[in-house]
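# Architecture and fold: a report
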Amino acid sequence: MQDLMAYLQTQLPGMTALLSDLVNIESHTDDKAGVDAVGRVIAAILRDLGAHVHIDRQAEAGDHLVGVFNAGSGSPISLYLHMDTVYPAGTLAQRPVRVVDGRLYGPGANDMKASHVVALYALRALRATGLWPTREMRLVFTSDEETGSHTSRKLIEDTARDAALAMVMEPALPDGGLKSSRKGTGLFKVVARGKASHAGAAHALGVNAIQEIAHQVLKVQALTDYQRGVTFSVGAIRGGGVTNVVPDYAELEVDTRVSRAEDAEWVRSVMMGLTPVLAGSSLEVTGELNRPPMECDAERIATFDRVREIGRAIGLELTHGPSGGGSDASFTAALGVPTLDGFGAVGDGAHALHEHVVLSSLPERAALCAAVLSAW
Ligand SMILES: [Zn+2]
């Protein structure tokens, strides 16, 4: 086990170069060509390492791919990684890859191209040290995690169902901790319809849809309950047209999060039960809870305890904690598959301007990943 860490410490230049190469291919979720270009680089490395690579072709989204090692032997471990980022093409020109004080900055570096490097080098280290496991291992690279995994969810569930462990390779907590709970996420849209009328000549005959949606914004925002772990955030409003017409259309979009599965149905029912405030206006609500919450239950703690023991064998002292964001861990955990998240690199600023990876964490995280694959 010590050999893994020693070997990977010698691989930092190669890991940094691969990370830089991957960040230099822009791969926003909507950019199929970009995501597929990342997929080609990864598929080539997987084949080099001896994987059978299955490509799950998509018409609109980027293709998903699964690298399978030791097919059919032992109880499988599945690793989940996404290739898409939240950054539209052109971001890189404004914020090129740069290394400052041992940190690599660049769009999508931490979330989660560093995780690709961690997983791929973990396998390389297992080959190099003779610790190659006999069990089946699946590396699942998907293309649409950042927008809710609409085309990849089935693949994620199908590759998790019989797994002994699902390792979700999202970035670590800032202190290197693993992510043991995730909020469930949902997106709802509320459309208000009023009655158009001349804003001067017939003001009294109009029903102002913007006024109606304003009432709904305040109602929805007030549902947030931090104690209960339930949040509502109206993130977009649209409506109206010209100032001399009473507007007959306005809409809002709201992001909802829940900590506990039992609150998901409450959020759905309260959203679907919204009623108009103004006489003569109407509401239409659409949306759903897309990802269930991953709760930190006894099973999660038991899984973490095993990983912590393995971490100690390679000199890491691991902690665990919650994450407010959503991830595909919610899908595998909901199937009852032992799941832990946050096996990726240490860094900060996911989805933000200062997104970066602490380069010294790459060998450590790869060693952890390899050790878990070998010892589980
Ligand atoms: Zn991510």
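What counts, and where the lines are drawn
Residues numbered from 1 in each chain as written. Predicted model: local features only at pLDDT ≥ 70, side-chain atom pairs only at ≥ 80, totals over all residues. Heavy atoms only, no water. Helix = DSSP H or I, 4+ residues; strand = E, 2+ residues; numbered from the N terminus. Expected span 1.5 Å × (residues − 1). Buried < 20%, exposed > 50% of the residue type's maximum accessible area, 1.4 Å probe, protein only. Pairing = 2+ DSSP bridges. Axes fitted to C-alpha atoms, helices over the stretch in contact; angles between N-to-C directions. Contact = heavy atoms within 4.5 Å. Domains from an automatic or database assignment. Salt bridge = Lys/Arg side-chain N within 4 Å of Asp/Glu carboxyl O. Polar contact = N/O pair within 3.5 Å; in protein donor to acceptor, adjacent residues only side chain to side chain. Nonpolar A, V, L, I, M, F, W, Y, C, P; charged D, E, K, R; others polar.

A few words on helix α11 (residues 361-375). In a regular helix each residue adds 1.5 Å, so 15 residues correspond to 21 Å; α11 covers 21 Å between its end C-alpha atoms and thus fits that length. By the criterion of burial, α11 is predominantly enclosed, with 12 of the 15 residues buried. All buried positions along α11 are accounted for by S361, L362, P363, R365, A366, A367, L368, C369, A370, A371, V372 and L373.

Across the sheet, 4 strands lie side by side as β11-β13-β9-β14; this open sheet has antiparallel pairing. Looking at which strands have only one partner, the edges of the open sheet turn out to be β11 (231-239) and β14 (282-291). If you compare each strand with its neighbour and ignore which way they point, the axes differ by 15 degrees on average. Sheet topology note: the β11/strand β13 (residues 249-258) ladder contains 8 bridges and is antiparallel. Within β13, the residue paired with I237 across the bridge is L252. Each of β9 (184-193), β11, β13 and β14 touches helix α7 (residues 209-221); the most contacted strand, β13, lies at about 10 degrees to it.

What follows concerns the sheet that holds strand β18 (residues 356-358). If you trace the 4 strands from one edge of the open sheet to the other, you get β4-β5-β18-β17, paired in antiparallel fashion. At either end of the open sheet lies a strand with only one pairing partner, and these are β4 (98-100) and β17 (347-348). Pairing geometry for β4 and strand β5 (residues 103-105), over 3 bridges, is antiparallel. Bridge assignment links V99 to a residue of β5, and that residue is L104. Here helix α5 (residues 109-129) sits on the sheet in contact with β5, β17 and β18, set at roughly 45 degrees to β18.

Here we come to the domain arrangement of the protein. Each assigned domain of the protein is listed here: domain 1 (2-182 + 294-375) and domain 2 (184-291). If you average the C-alpha positions of domain 1 and of domain 2, the two centres end up 37 Å apart. At the interface, 14 residues of domain 1 touch 9 residues of domain 2. Linking domain 1 with domain 2 are 2 salt bridges. The closest approach of N and O atoms between E145 and R291, which form a salt bridge, is 3.5 Å. Counting across the interface, domain 1 meets domain 2 through 7 residue pairs in polar contact (both at pLDDT 80 or more). Looking at the side of domain 1 that touches domain 2 residue by residue, the class counts come to 1 nonpolar, 8 polar and 5 charged.

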